[in-house]
Amino acid sequence: MAYNPYITTQPVNITDPSGRLSSGGVTTFNFPYTPTVTNMVNANYSQVAPTHSNFQQQFFDSSANATINVAAPILIENAEQGQYILKALDFFRGAMKMKFGKNDEERGLPPPVLRFNAHGVFQNVPVLVNNFVYNLDSDVSYIDIQQPTAQNPDTVVQLPVSGTFVVDFLVSYSPKNVRENFTLDKYLTGSLRGEGYV
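For clarity, every value in this text was computed on a predicted model and none was experimentally measured.

Draft legend 1. Main features of the overall build of the protein. Secondary structure summary: the protein contains 3 helices and 11 strands in total. Walking the protein from its N terminus toward its C terminus, one meets helices and strands in the order β-β-β-β-β-β-α-β-β-β-β-β-α-α. Taking 198 residues into account, the globule formula puts the C-alpha radius of gyration at 16 Å, and the protein, at 21 Å, lies well above it. With respect to the three principal axes, the spread of C-alpha positions in the protein is 75 × 45 × 35 Å.

Quick look at the structure:
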């Protein structure tokens, strides 16, 4: 069997604990080539501007859920890795789709909440996939991947040997979890990091 780093546990990975995306053959996607992880956290304030005033007053409204952007190098060295990347494309795109159709017994079920991990800084963070980008660039070589279909058993898919996955995640906590577990003191001491709080 050819070497496939995408199935080896890596410091940066995304997992579907619900198993709802497992029919495509991927429940955890590992990023073996160190990605750039960007985290944005912001607070919302309302502004009051008194008449004839040089300065405005800011009043705290809320702290917004964090967002996480991952830009990950994707390298394909052999056909087995290429087939796995094809499955990964379906995994990320499928993570933005709900259960649907009259033949789906779980129709109406929204996209699953995934769990994101990165270098111990992000541990088991509950996230939703908001955007996914993967380009078929013009300045790289392509590899042929055998991908038989019911319509054509000789179908060949071509993938670039070098590319990038860009994924935007929205952090999403359940109301019950926040109500029962969160305090600012616990957050500041880092004791909530293992429970996915960022």
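From this point, the discussion proceeds with the structure in view.
Draft legend 2. Broad picture of the environment of glutamine 58. Within the secondary structure layout, glutamine 58 lies in strand E5 (residues 57–63). In this structure the C-alpha to C-alpha distance between glutamine 58 and aspartate 154, which are 96 residues apart in sequence, comes to 64 Å. If we skip the residues at most four places from it in the chain, glutamine 58 touches Tyr45, Ser46 and Gln47.

Draft legend 3. Broad picture of the sheet that holds strand E8 (residues 122–134). Taken together, the 7 strands give an open sheet; going across it, the order is E2-E1-E7-E8-E11-E6-E3, and neighbouring strands pair in antiparallel fashion. Each of the sheet's edge strands pairs with one partner strand only, and the pair in question is strand E2 (28–30) and strand E3 (36–40). Taking each pair of neighbouring strands and ignoring which way they run, the sheet shows an average axis angle of 30°.

Draft legend 4. Highlighting the nonpolar core. Ile14, Phe29, Phe92, Phe116, Phe165 and Phe169 are the most contacted members of the largest nonpolar core, which has 40 residues in total. Only strand E1 (12–15), strand E6 (67–75), helix H1 (79–94), strand E7 (114–118), E8, strand E9 (142–146) and strand E11 (162–171) provide two or more residues apiece to this core. Take this core: its biggest share by element is 7 residues, from H1. Phenylalanine 165 has contacts with Phe29, Val70, Ala71, Ala72, Ile74, Ile85, Ala88, Leu89, Phe92, Phe132, Val133 and Tyr134, leaving out every residue within four places of it along the chain.

Draft legend 5. Up close: the pattern of salt bridges. This structure, assessed with the given rule, holds 2 salt bridges. The closest approach of N and O atoms between arginine 93 and aspartate 90, which form a salt bridge, is 3.4 Å. With arginine 93 and aspartate 90 both in helix H1, this residue pair falls 3 residues apart, about one helical turn. Given a relative accessible area of 48%, aspartate 90 falls into the partly exposed group. A salt bridge links lysine 99 to glutamate 106, with the shortest nitrogen-to-oxygen separation between them at 3.4 Å.

Draft legend 6. Molecular detail of the environment of alanine 71. Here alanine 71 lies in strand E6. Among residues more than four places away in sequence, those in contact with alanine 71 are Pro35, Thr36, Thr164, Phe165 and Val166.

Draft legend 7. Inspection of the packing of aromatic side chains at higher detail. As enumerated under the stated definition, the model contains 19 aromatic pairs in all. Aromatic side chains tyrosine 6 and phenylalanine 29 sit 5.7 Å apart centroid to centroid with 25° between the ring planes, which places their arrangement in the stacked category. Linking tyrosine 6 in the segment before E1 with phenylalanine 29 in strand E2, this pair joins segments that are 23 residues apart in sequence. The residues tyrosine 6 and phenylalanine 29 share a single accessibility class, namely buried. Ring centres of tyrosine 6 and tyrosine 84 lie 6.4 Å apart, and the angle between their planes is 20°; on these two criteria the pair is classed as stacked. Linking tyrosine 6 in the segment before E1 with tyrosine 84 in helix H1, this pair joins segments that are 78 residues apart in sequence. Here the two residues tyrosine 6 and tyrosine 84 agree in accessibility, since each one is buried. A network of ring pairs unites the aromatic residues Tyr6, Phe29, Phe31, Tyr33, Tyr84, Phe91, Phe92, Phe132, Tyr134 and Phe165 as a single cluster.

Draft legend 8. Structural context of the environment of valine 37. Within the secondary structure, valine 37 sits in strand E3. Its relative accessible area of 26% is what places valine 37 among the partly exposed residues. When the C-alpha atoms of valine 37 and leucine 114 are compared, they prove to be 16 Å apart, with 77 residues separating the residues in sequence.

What counts as what
- Residues numbered from 1 in each chain as written.
- Predicted model: local features only at pLDDT ≥ 70, side-chain atom pairs only at ≥ 80, totals over all residues.
- Heavy atoms only, no water.
- Helix = DSSP H or I, 4+ residues; strand = E, 2+ residues; numbered from the N terminus.
- Rg over C-alpha atoms; globule rule 2.2 N^0.38 Å.
- Contact = heavy atoms within 4.5 Å.
- Pairing = 2+ DSSP bridges.
- Axes fitted to C-alpha atoms, helices over the stretch in contact; angles between N-to-C directions.
- Core = buried A, V, L, I, M, F, W, Y, C linked by side-chain atoms within 4.5 Å.
- Buried < 20%, exposed > 50% of the residue type's maximum accessible area, 1.4 Å probe, protein only.
- Salt bridge = Lys/Arg side-chain N within 4 Å of Asp/Glu carboxyl O.
- Phe/Tyr/Trp six-rings, centres within 6.5 Å; stacked < 30°, edge-to-face > 60°.

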